[in-house]
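Notes for the structure review
Residues per chain, in single letters:
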Amino acid sequence: MVSIEPLEINGHMFTAVTVRLPKTTLLTVSNENGYIMCGALDVGLLNSKLADRKIIAGRAVGVKTIEELLKAPLESVTHEAEKLGVVKGTIGEDALMMMI
């Protein structure tokens, strides 16, 4: 099952996507500038092979719902996210506010 929902955070709109797969669930919250995602995100790949795309993203591990993703500290972030002040340990919701 795929769920796509609008999500308002502090007056700003984001898109929350949940993809239920066998034995795992993919989670992401995004806007036009960047996104946070569950542990399936390969930050290393984004920072190396896809660096030219300048992707702003962060990864949280051990989350099972969108609500958990928003409250979790990010385990890793892209170099482009770091330029905005998003660092390892930033709470997901706070990282999204920095991506506005």
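Placed above this text is the structure.
Remember, it's a predicted structure, so these values are computed and weren't measured experimentally.

Topic: the side chain of Thr18
- Considering the arrangement of structural elements, one finds Thr18 in strand 2 (residues 12–21).
- When its relative accessible area of 10% is taken as the criterion, Thr18 is described as buried.
- Every residue in contact with Thr18, bar those within four places of it in the chain, is listed here: Met1, Val2, Ser3, Thr25, Leu26, Leu27 and Ile66.

Here we look at the pairing of strand 3 (residues 24–30)
- In this sheet, strand 3 lies alongside strand 2 in antiparallel orientation, the contact comprising 7 bridges. Its bridge partner being in strand 3, Val19 is matched across the sheet by Leu26.
- Hairpin geometry of strand 2 and strand 3 is characterised by an intervening segment of 2 residues between the two adjacent antiparallel strands and by a positive phi of about 70° at Lys23.
- Note that strand 3 and strand 4 (residues 34–37) share 3 bridges and pair antiparallel. Looking at strand 4, one finds that Ser30 is bridged to Tyr35.

Focus on the pattern of salt bridges
- The full count for this structure, using the stated rule, is 3 salt bridges.
- For Glu80, the salt bridge is made with Lys83, and the minimal N-O distance between the two is 3.1 Å. One end of the pair is Glu80 and the other is Lys83, both in helix 3 (residues 79–83) and 3 residues apart, which spans about a single turn.
- A residue is classified by how much of its surface remains accessible, and Glu80, at 18% relative accessible area, is buried.
- Lys83 sits in the exposed class, given a relative accessible area of 62%.

Some details on the environment of Gly34
- Within the secondary structure, Gly34 sits in strand 4.
- By relative accessible area, Gly34 is classed as buried at 5%.
- For the pair Gly34 and Ile100, spaced 66 residues apart in the sequence, the C-alpha separation amounts to 8.4 Å.
- Among residues more than four places away in sequence, those in contact with Gly34 are Val29, Ile56 and Met99.

Details of unusual backbone geometry
- Despite not being glycine, Lys23 shows a phi value in the positive range, around 70°.
- Note that Lys23 resides in the loop between strand 2 and strand 3.
- Residue classification places Lys23 among the exposed positions, given a relative accessible area of 89%.
- Within the chain, Lys54 stands out as a residue other than glycine whose phi angle is a positive 55°.
- Mapped onto the secondary structure, Lys54 falls in the loop between helix 1 (43–47) and strand 5 (56–59).

Calculation rules
- Residues numbered from 1 in each chain as written.
- Predicted model: local features only at pLDDT ≥ 70, side-chain atom pairs only at ≥ 80, totals over all residues.
- Heavy atoms only, no water.
- Helix = DSSP H or I, 4+ residues; strand = E, 2+ residues; numbered from the N terminus.
- Buried < 20%, exposed > 50% of the residue type's maximum accessible area, 1.4 Å probe, protein only.
- Contact = heavy atoms within 4.5 Å.
- Pairing = 2+ DSSP bridges.
- Salt bridge = Lys/Arg side-chain N within 4 Å of Asp/Glu carboxyl O.

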